[in-house]
Amino acid sequence: MSANRNEVFRCAVVSVVKHAYVPNGVASHPRFELVVVAEDADRPDWVHERNQLYADQHNIPYVRNVEQAIRDYNVQVGVVSSEAERHCDLSVRCADAGLHVVQDKPMSTEVSECDRVVEAVQRNNVRFLMWNRNFLPALIHAKQAVDDGLIGDLRAIHVDFYFAKDSGPPKGSRKEGDPPINWLERQIEAHADGSDGGVGVEPMGELKIEGIYPLAYIQMLTGVDVRRVFARTTAHFHQANVDNDVEDLATVTLEMENDIVGSLCIGRIGAASHPDIGEIKLHLLGTKGGLVISEARPEVSIYYRDQPAKEFRSRRLAIDNDYLLMDNFANAVDNARETILDAIASRAITATVAAAVESGKSGEAVEVG
Amino acid sequence: MIQLALIKASDDLPDEARLRSASFVEGDAGAAVVAAGASSIQDGCDAASQGKHVFVKLPGDATSASVERLIESCQDTGVRLMVGGSTRFDASVQTVRQSLDAGQLGDPGLLRIHRWNSTATGDDSTWQDIDLAIWMFGELPATVYAVARSIAAANGSDFLQIHLGFSAGGMALIDLSNNLPAQDGDPQSYYSLSLIGSSGAAYADDHHNQQLLFASHGAQALKTGAGDLATTAELQEFVDAIAAERDPGVSGRDALAALQVREAALASAECGKVARLTTERRYEC
């Protein structure tokens, strides 16, 4: 634990095989310095290639031995951005090495793995931050409005979280005799446009890939956990989701502590379905009023001749999420406090997602474990 | 020219001049327009028994049983029945539906509705939004799950969230609230509809359609509405259906289906379980 508010934390990037926004976000804060990229030696070639590329881009060494890198480079923070099924194991290893941990979402594909992280973080008395979007300007504004009592006591919260992105060929496009789309190969291919949040051997639906973002909004604004869910899930847009039996569209009714209710609509709905990244909105109801928040605002719209069809017309402004997350993390380390999205809250969100996936398959309401 | 006899006064009738081939009359006529009220079901039944085509707005506490009675009355004399007050004829909903019918949105996957009001009208407009879901997906939902809460009401619930599942994987999530505060004594309302399809999406959202007013009380949002085009379109549909000797949209059967789903939602909220559509086209919780 550091009491020096000026101390710069040396960070090991422990695998960076997908979009690199997490280590890049960590590096955006002057108190964090990326000093090494580390990975297990027995990973596939495509993993090593991506790690090496990131190391070269940042002029730092790449070491094919995680524990050795931690020792040799005197790091205090581990930044985990591997395939989702390896997230928790790497985070546990970092915590056991005495590192504070910043981890990419989702926390894990298995709730039991999350329990390992919670235990390791507590046992080693280190700080843990699950990457999130809670410091976007609109979310800060929503939190302020709720805290100021503008709508009274918050009683219901709804989040629409649609990503207007394609994910390979559309549903129904596979010809007779063609093999099903391999999930990992599809995700490796998606790296080119940054849509590889689901990279890994295990297929993941949108609830697992992106659900943590809107559920983290809900957790932050309500301050309570979800107790029961009812979900509907389907593969509606993309052949890869059909072939791998994972959803790309889901709706979830949320029943929370303190009798608060809510809902989540989430999907990877195709690039044609919104002019920008997607429709992301929050609707909050309290005892004294309601609040409608567009996550994208503030934004400015730009149009010009021969503008590429897929270029977003609206550009978000004042995005300080990366810096604020890392400032929150630094403050947590300095003062032995919890972060804005710590291991326990992240575990609860993962359990909510697992219950929703189960509910979508069973057609029954499910208690969150 | 279709003559429409007005049963009980109503404030929300369209300008007669905007109707094609129809006029309002006092007294006897071939068709009756019944305003919403405690006796509107009975008034509709009475009009049907006299051989009049019936356009009726349901009372807030209408049940599937009462609408079945109205349907039977109309069937007995072979007259047309249209249930009024539907949101199908809202300009925004019509635009979304036209895009869906044109194939621009592909197969509907998700319908999301937020409807917030100030008026504590009890069971109010729930059936209208359920009807929209049935209309957009073209079938009854196979599953119904709902939660009800009291957000600001001293008694009973003023919040209902209805979660519908359709047979091909489609889904609808509708949240209805009557707890918005009045503003200077005037009721407030908010409405948002999103329809996500396999190849496109439509967003009809009050949030987008607000104007800004800066006054002494601070910035306020003012909604630019669509006038009475919806009520005109609705009544015109009734007139056109009579002339063409076809069932109107929204028929008695349409309203009945929506009310049955609403009752299933209330039962689900009460028992905490999923209500499922049986082979007899009833819902069991």
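From a predicted model like this one, the values you see are computed outputs, not experimental measurements. (Residues numbered from 1 in each chain as written. Chains lettered and ligands numbered in written order. Predicted model: local features only at pLDDT ≥ 70, side-chain atom pairs only at ≥ 80, totals over all residues. Heavy atoms only, no water.)

## Considerations on the packing of helix 2 (residues 64-77) of chain B against helix 6 (residues 252-271) of chain B
All names here are of chain B.
Reasoning step 1: Following both chains from N to C, one finds helix 2 and helix 6 inclined at 165°, their axes separated by 9 Å at the closest point. With respect to each other, helix 2 and helix 6 are oriented roughly antiparallel. Helix 6 is crossed by helix 2, and the crossing has left-handed handedness. Side by side, helix 2 and helix 6 meet where Ser64, Val67, Glu68, Ile71 and Gln75 of the first sit next to Gly252, Arg253, Leu256, Leu259, Gln260 and Glu263 of the second.
Reasoning step 2: Grouping the amino acids of the contact of helix 2 with helix 6 by side-chain chemistry returns 4 nonpolar, 4 polar and 3 charged. (Axes fitted to C-alpha atoms, helices over the stretch in contact; angles between N-to-C directions. Helix = DSSP H or I, 4+ residues; strand = E, 2+ residues; numbered from the N terminus. Parallel < 35°, antiparallel > 145°, perpendicular 65-115°, else oblique. Left-handed = near helix turned anticlockwise from the far one by under 90°. Contact = heavy atoms within 4.5 Å. Nonpolar A, V, L, I, M, F, W, Y, C, P; charged D, E, K, R; others polar.)

## Some thoughts on the side chain of Asp129(B)
All names here are of chain B.
Reasoning step 1: Examined against the element boundaries, Asp129 turns out to sit in helix 4 (residues 126-137).
Reasoning step 2: Assessed through its relative accessible area of 0%, Asp129 is described here as buried.
Reasoning step 3: In terms of polar contacts, Asp129 uses its side chain to reach the side chain of Arg115, at 2.6 Å.
Reasoning step 4: If near-sequence neighbours (up to four positions away) are discounted, Asp129 is found in contact with Thr87, Ile113, Arg115, Ile174, Leu176 and Tyr191. (Buried < 20%, exposed > 50% of the residue type's maximum accessible area, 1.4 Å probe, protein only. Polar contact = N/O pair within 3.5 Å; in protein donor to acceptor, adjacent residues only side chain to side chain.)

## A look at the sheet that holds strand 8 (residues 226-234) of chain A
Residue and element names in this part refer to chain A.
Reasoning step 1: Strand order across the open sheet formed by 7 strands is 12-11-7-10-9-8-15, with mixed pairing between neighbours. The sheet is open, and its two edges are formed by strand 12 (289-294) and strand 15 (366-367), each paired on a single side.
Reasoning step 2: Two elements, strand 11 (residues 280-286) and strand 12, share 6 bridges in a ladder whose sense is antiparallel. In the sheet register, Leu285 faces strand 12, and the bridge partner there is Gly290. (Pairing = 2+ DSSP bridges.)

## Considerations on the pairing of strand 11 of chain A
All names here are of chain A.
Reasoning step 1: Within strand 11, 7 of the 7 residues are buried, which leaves it mostly tucked inside the rest of the structure.
Reasoning step 2: Neither face of strand 11 is exposed, since Ile280, Leu282, Leu284 and Gly286 on one face and Lys281, His283 and Leu285 on the opposite face are all buried.
Reasoning step 3: As paired strands, strand 7 (residues 154-163) and strand 11 are joined by 7 bridges and run antiparallel to one another. Looking at strand 11, one finds that Ile157 is bridged to Leu284.

## Comments concerning the interface of chain A and chain B
Reasoning step 1: Counting residues at the interface gives 48 residues for chain A, matched by 42 residues for chain B.
Reasoning step 2: Carbon and sulfur atoms make up 58% of the area that chain A and chain B hide from each other, which totals about 3400 Å².
Reasoning step 3: Of all residues in chain A, Arg232(A), His236(A) and Leu285(A) bury the most surface against chain B, accounting for 18% of the area lost on that side.
Reasoning step 4: Arg149(B) is paired through a salt bridge with Asp259(A); the nearest N and O atoms lie 3.2 Å apart.
Reasoning step 5: Linking chain A to chain B there are 24 residue pairs in polar contact (both at pLDDT 80 or more). (Buried area = accessible area lost by both parts, 1.4 Å probe. Salt bridge = Lys/Arg side-chain N within 4 Å of Asp/Glu carboxyl O.)

## Notes on the pairing of strand 2 (residues 22-25) of chain B
Residues and elements named next belong to chain B.
Reasoning step 1: The alternating pattern of strand 2 places Ala22 and Phe24 and Ser23 and Val25 on opposite faces, both of which are buried.
Reasoning step 2: Judged from the 4 bridges that link them, strand 1 (residues 2-7) and strand 2 form a sheet pairing that is parallel. Considered in strand 2, the bridge of Gln3 is made with Ser23.

## Re the state of the cysteines
Residues and elements named next belong to chain B.
Reasoning step 1: One pass over the full model with this rule turns up 1 disulfide over all chains.
Reasoning step 2: Paired by a disulfide, Cys271 and Cys285 hold their sulfur atoms 2.5 Å apart. With a gap of 14 residues between them, Cys271 in helix 6 and Cys285 in the segment after strand 15 (283-284) connect regions that are remote in the sequence.
Reasoning step 3: Given the relative accessible area of 36%, Cys271 is considered partly exposed.
Reasoning step 4: Judged by relative accessible area, which is 47%, Cys285 ranks as partly exposed. (Disulfide = S-S within 2.5 Å.)

## A closer look at the pattern of salt bridges
Residue and element names in this part refer to chain B.
Reasoning step 1: The tally for this structure, following the rule as stated, stands at 44 salt bridges over all chains.
Reasoning step 2: Residue Arg88 is joined to Asp131 by a salt bridge in which the shortest nitrogen-to-oxygen separation is 2.8 Å. Here Arg88, found in the loop between strand 5 (81-84) and helix 3 (91-101), pairs with Asp131, found in helix 4; they are 43 residues apart in sequence, far enough to count as distant.
Reasoning step 3: In this structure, Arg246 engages Glu237 in a salt bridge whose closest nitrogen and oxygen atoms are separated by 2.8 Å.

## Things to note about the environment of Leu6(B)
Residue and element names in this part refer to chain B.
Reasoning step 1: On the secondary structure map, Leu6 appears in strand 1.
Reasoning step 2: For Leu6, a relative accessible area of 31% translates into the label partly exposed.
Reasoning step 3: In the structure, Leu6 is positioned 23 residues away from Ala29 in sequence and 9.1 Å away in space, judged by C-alpha atoms.
Reasoning step 4: With sequence-adjacent residues up to four places away left out, Leu6 is seen in contact with Leu13, Phe24, Val25 and Val33.

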